[in-house]
Amino acid sequence: MTTLTTHLARTRRKAVRPARLPRSLGRVLATAGTVFLLSSALTFGLGALSGANPAAAVLGETATPADIARMNHQFGLDRPLWEQYVSWLGHAFTGDLGRSWFTTVPVTTSIRQAIPVDLSIAGLALLMAVVLGGAAGVAAALRAGGRLDRAVTALCALLGTLPGFVVAIALVTVFSLKLGWLPSGGYVPLDMDPAQWLRYTVMPAFALSLEAAAAIARQLRTSLVGTLRENYVTGAVMRGLPARRVVLGHALRNAAGPALTALGMSVPMLLGGAVVTQQIFALPGLAQLTLQSAEQHDIPVIQGTLLVTIAVVLVVNVAVNAALLTLNPAARRREVTRG
């Protein structure tokens, strides 16, 4: 009882120190800003150094050197590379990512049309991963060493090595071709018809979620097993607190850190896996837009989609770090010590 009381008292004392948390969040934001600048410079540099010549591609073989020079000037490609980068990044912060070399459609417009597909599928996949991985991890931890624990561990090991496109092909074969329950491809916006949106997104989201669910389950199981052996948990059990309250109210909160980290690391994996998955399910998302632009060497579109993808990943990682600071007592203790 004394151990539990002491732990809860420490938790309350940490809760009255909210001024400490913004300092850590400031460091997280500073790190994210630095990564964004470096990533944007690398993205722009690779595109600029690719050797693609839009003027020659657009004007064709009959273009004269004067015509090519005039169009290069129109695109701003005759300026120094650093000046092009500063101009591009400055316009990007205002929402202007330039125009496609071939269609002249603003890159922002193309991304605005495509990104709802990625966000809806990735959001549903993350929700599935949290529910499936969280339930499996908690169940395995509560039955540590038992058959259920071994079964969950074996299944997670299998799913962790199974490519998402293999799962996607299997889902299409079973639920679309054989059973006819779900459409094999296409997309319906959520605001147009939620029921149809779910029918079109559930299979690609499930295919993307399994690897993330396996990572969350493994991390949560390991962390929760150790947390359940802590003295304050034993004290709570001896006091006669309900098992659900002990696990969900105390142990799970302190054990969630590694699972949250795994969740944050799953976002780049989901976005990367979406390239193949969107190809299989014929989804008009950001990955498909990037792939089509790469085939045409449409550098502004490629740079814009990569920059937006980097921004999404960094925003999610900042959110995960903020959640870790809120939930993880050890992180708060380190912050208090630094302060």
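Rules used in this analysis
- Residues numbered from 1 in each chain as written.
- Predicted model: local features only at pLDDT ≥ 70, side-chain atom pairs only at ≥ 80, totals over all residues.
- Heavy atoms only, no water.
- Salt bridge = Lys/Arg side-chain N within 4 Å of Asp/Glu carboxyl O.
- Helix = DSSP H or I, 4+ residues; strand = E, 2+ residues; numbered from the N terminus.
- Buried < 20%, exposed > 50% of the residue type's maximum accessible area, 1.4 Å probe, protein only.
- UniProt positions renumbered as here; feature names shortened; annotations may be inferred.
- Axes fitted to C-alpha atoms, helices over the stretch in contact; angles between N-to-C directions.
- Left-handed = near helix turned anticlockwise from the far one by under 90°.
- Contact = heavy atoms within 4.5 Å.

> Tell me about the pattern of salt bridges, residues and numbers included.
In the structure shown here, the tally under the stated rule is 1 salt bridge. Of the charged contacts, one joins Asp 149 and Arg 221 as a salt bridge, the two residues approaching to 2.7 Å between their closest N and O atoms. With Asp 149 in helix H7 (residues 147-161) and Arg 221 in helix H9 (residues 194-227), this residue pair connects regions lying 72 residues apart in the sequence. For Asp 149, a relative accessible area of 4% puts it in the buried group.

> For the UniProt feature "transmembrane region" (unreviewed entry) in the protein chain, give the residues involved together with the corresponding values.
Mapped onto the present numbering, the UniProt feature "transmembrane region" (unreviewed entry) falls on residues 119-142, 154-177, 197-217, 260-281 and 301-324. A helix fraction of 100% and a strand fraction of 0% characterise residues 197-217, whose end C-alpha atoms lie 28 Å from each other. The straight-line gap between the two end C-alpha atoms of residues 301-324 is 35 Å; of that span, 100% is helix and 0% is strand.

> Please provide a residue-by-residue account of the packing of helix H8 (residues 164-178) against H9, values included.
Across the interface, H8 lies against H9 with an axial gap of 9 Å and an inter-helix angle of 145 degrees. Taken as a pair, H8 and H9 cross one another with a handedness that is right-handed. In this structure, H8 uses Gly 164, Val 167, Ala 168, Leu 171, Val 172, Phe 175 and Ser 176 to contact H9, whose residues at the interface are Met 203, Phe 206, Ala 207 and Leu 210.

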